[in-house]
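Structural overview for review
The chain contents come next:
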Amino acid sequence: MKSLITFILAILALTACHDPRELTPAPETIFTENGLHVITSFHNNLTRTISVLYGNDDALANAGKERDAHTPGEVLKLITWDLKQNPLWFGSNINGRVQSVETVTVSAGPSGPVIGYAKDGNSQKASGNAVSGNAERISFIFAQRASVFP
Amino acid sequence: MNALEKHRYRNAAAILAGILFTSFVVLQANSPQIGNPPVTSEFHGPEEVTRILKRSCYDCHSNETNLRWYDKVAPFSYKVAADVEEARKRFNFSEWDSIPKADQEGKLWYIVNMIDAGRMPLPEYTATHPSARVTPEELAILKNYVTGISQHYAAGDTARIAEKARAASVPKSINGIAYFDDYKNWKVISTTGRPDNGTSRIIYGNDIAVKALEENKILPWPDGAVVVKVVWNSQAPDAWGNVKPGNFNNIQIMVRDAKKFAGTEGWGFARFNGLDLKPYGKTVSFATSCINCHQLAKGTGFVFDIPTRPQH
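Along each chain, the written sequence defines residue order, and numbers are assigned to residues from 1. Here the convention is simple: chains get letters from A, ligands get numbers from 1, in the order in which they are written. Per-residue local features are limited, in this predicted model, to residues with pLDDT of at least 70; the limit for side-chain atom pairs, both in listing and counting, is 80 or more; totals at the level of whole chains, interfaces and linings are taken over all residues. Computation of side-chain values: all heavy atoms of the structure, hydrogens and water removed.

1. Digging into the overall build of chain A
Stated formally: Helix numbers and strand numbers start at the N terminus; a helix is a DSSP run of H or I with at least 4 residues, a strand a run of E with at least 2. The buried label goes to any residue with under 20% of its type's maximum accessible area, the exposed label to any with over 50%, and the partly exposed label to all in between, with areas taken from a 1.4 Å probe on protein chains only. Only heavy atoms matter for contacts: two residues are in contact if any of them lie within 4.5 Å across the pair. Residue-level accessible areas treat just the shown protein chains as cover; the underlying method is Shrake-Rupley with a 1.4 Å probe.
Along chain A, the regular secondary structure elements total three helices and seven strands. Traced from its N-terminal end to its C-terminal end, chain A shows the element sequence α-β-β-β-α-β-β-β-β-α. Counting only residues that meet the buried cut, chain A has 49% of its 150 residues in that class. Counting contacts in chain A only where the partners sit at least 6 residues apart, residues at least 24 apart contribute 45% of the total. When the accessible surface of chain A is totalled, it reaches about 7500 Å², and 60% of it is carbon and sulfur.

2. Side note on the pairing of strand E5 (residues 245-256) of chain B
Residues and elements named next belong to chain B. Here is the rule we go by: Here, strands pair whenever DSSP counts at least two bridges between them.
Sheet topology note: the strand E3 (residues 226-234)/E5 ladder contains eight bridges and is antiparallel. Residue pairing for E5: Val230 is matched across the bridge by Ile251. Relative to strand E6 (residues 267-273), E5 is paired through seven bridges, and the arrangement is antiparallel. Directly across from Asn250, in E6, lies its bridge partner Asn273.

3. Describing the domain arrangement of chain B
This is how the line gets drawn: For each domain, the first and last residues come from an automatic or database assignment.
Under the domain assignment, chain B is made up of domain 1 (1-26), domain 2 (47-149) and domain 3 (158-300). For domain 1 of chain B and domain 3 of chain B, the distance between their C-alpha centroids amounts to 61 Å.

4. Some details on the nonpolar core
Note the threshold: In this text, buried Ala, Val, Leu, Ile, Met, Phe, Trp, Tyr and Cys residues form a nonpolar core when linked through side-chain atoms within 4.5 Å.
If you look at the biggest cluster of nonpolar residues, it comprises 31 residues, and the most contacted ones within it are Val38 and Tyr54 of chain A together with Tyr183, Tyr204, Val228, Val230 and Ile251 of chain B. Of all the secondary-structure elements, those providing two or more residues to this core are strand E3 (49-55) and strand E4 (75-85) of chain A together with strand E2 (199-205), E3, E5 and E6 of chain B. If we ignore the near neighbours within four places in the chain, the residues touching Tyr183 of chain B are Phe149 and Pro150 of chain A together with Tyr204, Val228, Val230 and Ile251 of chain B. Phe43, Leu108, Val112 and Met114 of chain B belong to the second-largest nonpolar core, a separate cluster that totals 29 residues.

5. Remarks on the packing of helix H4 (residues 101-116) of chain B against helix H6 (residues 136-149) of chain B
All names here are of chain B. Stated formally: Each axis is a line fitted through C-alpha atoms, and for a helix only the stretch in contact is used; angles between axes span 0 to 180 degrees, taken between their N-to-C directions. Throughout, the term roughly parallel applies to angles under 35 degrees, roughly antiparallel to angles over 145, roughly perpendicular to angles from 65 to 115, and oblique to all others. By definition, turning the near helix anticlockwise from the far helix through less than a right angle yields a left-handed crossing, and turning it clockwise yields a right-handed one. Polarity classes work like this: nonpolar for Ala, Val, Leu, Ile, Met, Phe, Trp, Tyr, Cys and Pro, charged for Asp, Glu, Lys and Arg, and polar for all others, with Gly in that last group.
Where H4 contacts H6, the axes come no closer than 10 Å and their chain directions differ by 155°. Judged on the interaxial angle alone, H6 and H4 are roughly antiparallel. Of the two possible hands of crossing, H4 and H6 adopt the one that is left-handed. Within the contact between the two elements, H4 uses Glu105, Leu108, Trp109, Val112, Ile115 and Asp116 and H6 uses Leu139, Leu142, Lys143, Tyr145, Val146, Thr147 and Ile149. The residue makeup of the contact of H4 with H6, split by class, is nine nonpolar, one polar and three charged.

6. Things to note about the layout of surface pockets
Threshold: With a 1 Å grid laid over protein atoms only, a set of points is called a cavity when a 1.4 Å probe fits there but cannot get out and a pocket when it is open yet has protein on both sides within 12 Å along at least five of seven lines; lining residues have an atom within 4 Å of a point. Grid points are joined across faces, edges and corners, and a volume is the space filled by probe spheres set on the points.
By volume, the second largest pocket amounts to about 660 Å³. Considering the residues around the second largest pocket, the lining is formed by 29 residues, among which Phe42, Phe140 and Gln144 of chain A together with Asp238 and Asn242 of chain B are closest to the centre. Secondary structure elements with two or more residues in the lining of the second largest pocket: strand E2 (37-44), E3, E4, strand E5 (93-109) and helix H3 (132-143) of chain A. Considering every element that reaches the lining of the second largest pocket, the biggest residue donor is E2 of chain A, with five residues.

7. Section: helix H8 (residues 286-294) of chain B
The condition is simple: This arc is built from the directions going out from the helix axis to the C-beta atoms.
Along H8 of chain B, the residues that are buried comprise Phe286, Ala287, Cys290, Ile291, Cys293 and His294 of chain B. Burial along H8 of chain B is one-sided: seen end-on, the buried residues are contained in an arc of 165°.

8. Focus on the environment of Ser289 of chain B
All names here are of chain B. In this fold, Ser289 is placed in helix H8. Judged by its relative accessible area of 44%, Ser289 is partly exposed. Measuring from C-alpha to C-alpha, the distance between Ser289 and Asn30 comes to 32 Å, with 259 residues separating the pair along the chain.

9. Structural notes on the interface of chain A and chain B
Our working definition: As used here, buried area is the combined drop in accessible area, with a 1.4 Å probe, of two parts when they are placed together. For this document, the term salt bridge refers to a Lys or Arg side-chain nitrogen within 4 Å of an Asp or Glu carboxyl oxygen. Polar contact is the term for a pair of N or O atoms within 3.5 Å; when the atoms are in protein, one must be able to donate a hydrogen and the other to accept it, and sequence-neighboring residues count only if both atoms are side-chain atoms.
Listed per partner, the contact involves 48 residues of chain A and 66 residues of chain B. Contact between chain A and chain B buries roughly 4900 Å² in total, counting both sides, with carbon and sulfur atoms accounting for 57%. The three residues of chain A that bury the most area against chain B are Trp89, Phe90 and Pro150 of chain A, which together make up 17% of that side's buried surface. For the pair chain A and chain B, the number of links is one salt bridge. For the pair chain A and chain B, the interface holds 17 residue pairs in polar contact (both at pLDDT 80 or more). Looking at the side of chain A that touches chain B, the elements with two or more residues in it are helix H1 (2-18), strand E1 (23-25), E2, E3, E4 and E5 of chain A. In terms of residue count, E2 of chain A provides more of the side of chain A that touches chain B than any other element does, six residues in total. When the residues that make up the side of chain A that touches chain B are grouped by side-chain class, the tally is 25 nonpolar, 16 polar and seven charged. Bridge count for E5 of chain A against strand E1 (residues 187-194) of chain B is two bridges, and the pairing is antiparallel. By the bridge assignment for E1 of chain B, Ile94 of chain A is matched with Thr192 of chain B.

10. Describing the packing of aromatic side chains
In this description, a pair of aromatic rings is defined by centroid distance and the angle of the planes. All names here are of chain B. Selection rule: In this scheme Phe, Tyr and Trp rings, the latter by its six-membered ring, pair at centre separations within 6.5 Å, and the angle between planes marks the pair as stacked below 30 degrees, edge-to-face above 60, and tilted otherwise.
The tally for this structure, following the rule as stated, stands at 19 aromatic pairs over all chains. For the ring pair Phe43 and Trp96, a centre distance of 5.3 Å and an interplane angle of 85° mean the geometry is edge-to-face. Note that Phe43 is positioned in the loop between helix H1 (3-30) and helix H2 (47-61) and Trp96 in the loop between helix H3 (76-90) and H4, a separation of 53 residues in sequence. The exposure class of Trp96 is buried, given its relative accessible area of 4%. Note on Trp221 and Trp267: the rings are 5.9 Å apart at their centroids and 65° apart in plane angle, and the pair reads as edge-to-face. On the criterion of sequence distance, the pair formed by Trp221 in the loop between helix H7 (207-214) and E3 and Trp267 in strand E6 is long-range, its members being 46 residues apart. Owing to a relative accessible area of 2%, Trp221 belongs among the buried residues under this scheme.

11. Looking at the environment of Val39 of chain B
Residue and element names in this part refer to chain B. Of note, Val39 is situated in the loop between H1 and H2. Under the relative-accessibility criterion, Val39 is labelled partly exposed at 38%. Residues within four places of Val39 in sequence aside, it is in contact with Asn63, Glu64 and Ser94.

12. Some words on the side chain of Ser100 of chain A
Following the sequence through the fold, Ser100 of chain A ends up in strand E5. Classification of Ser100 of chain A as buried rests on a relative accessible area of 8%.

Right, here's the structure in full:
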């Protein structure tokens with residue numbers, strides 16, 4: 001009898017562990033924006049990532065426009081998470097763990113604006129010709145247009 | 001027990017049996033009849049899909065209800081009849097075209113997710129009709145089917161989308177929940193991309209909601225918690241696979257007030273469509289359809305889009 005009860009409990013415990021709908025909040029994935037605003041968001045099924053681009057007032061004001069010049073003072077942050085299937089709804093994908101935080105800053109230099117790029121704290125300053133990999137990321141981030149909000 | 005007591009006991013038992021038998025007969029005589037109204041616009045899908053739905057769902061969600069004899073015996077017949085009536089009201093495969101095309105697709109995703117969650121067919125029904133169970137292989141067929149029919153992308157680049165008229169005054173839902181702008185200063189609690197209906201979303205939570213997540217106090221969520229979801233139509237993926245938001249589609253709000261919204265599990269619902277933020281729902285009962293589907297997220301306090309990890 002005792003072993004039967006243990007057996008049943010074990011089965012229950014096993015099934016409980018494997019129920020994909022039994023979830024605990026994972027608040028560590030929430031980004032603290034510190035006064036920045038959402039500019040836009042996008043997801044990618046090839047890289048299985050989902051991102052939100054934040055910016056300060058200056059960056060937000062410029063992200064709605066089509067222009068190449070950037071004004072000193074702009075700060076942009078691109079947060080990228082893993083993309084996972086929503087455990088509660090087949091057909092929806094939701095962000096998982098944070099993969100990276102990229103920061104682009106525009107500051108005033110002696111000969112025009114200086115663009116700074118940092119990924120997860122490894123900052124690299126570049127005026128004019130940035131390190132090529134970074135230059136690609138910088139122009140990608142600059143190219144994002146603001147989402148239309150009501 | 002002496003002889004007299006035994007006698008009394010036997011009499012009482014006989015009377016009781018008589019009452020039970022008579023009520024049983026009366027119940028049978030009044031047992032609800034389930035008619036099968038004509039099939040007007042039947043659901044058409046690939047054969048393998050239709051076969052699964054016919055076997056597992058048509059007894060309740062169609063006009064081709066095929067009850068076994070034991071479904072017709074009272075008191076079970078009462079429960080079965082009520083289920084069939086409610087199921088046909090929710091959606092009816094025999095009158096499929098009576099709902100708009102876009103809604104049909106939404107229903108199909110709802111259908112797949114109800115099976116996925118083990119909510120359909122009703123468990124009390126599969127207990128007596130085991131052959132109606134949907135196997136994992138069959139569920140995979142259905143998932144494939146809905147994925148295949150839903151490939152939507154909106155045209156256009158966000159920046160070039162013409163700004164439409166904006167709401168002149170503050171729009172208000174029929175249940176009193178008004179639109180507000182303050183969510184733009186809240187934390188983003190999650191972000192989602194939905195291949196199922198071709199939309200991209202950002203979900204915001206107010207301080208109370210974020211704190212509830214941080215402290216894992218969401219069963220139930222505290223009063224005052226508010227969750228806002230902004231929905232855009234997705235653009236087609238660019239050369240690198242990035243799917244970006246296109247036109248603004250709608251905004252949806254959930255407000256926690258356990259007393260005020262007791263009828264919908266303590267959540268007040270509101271939805272505003274288009275840039276002019278047209279309130280959705282003609283009567284307050286619109287929120288019933290919201291909470292019915294949000295029951296699938298019961299384990300996280302009826303909120304789908306929160307950051308989570310498995311419990312173990």
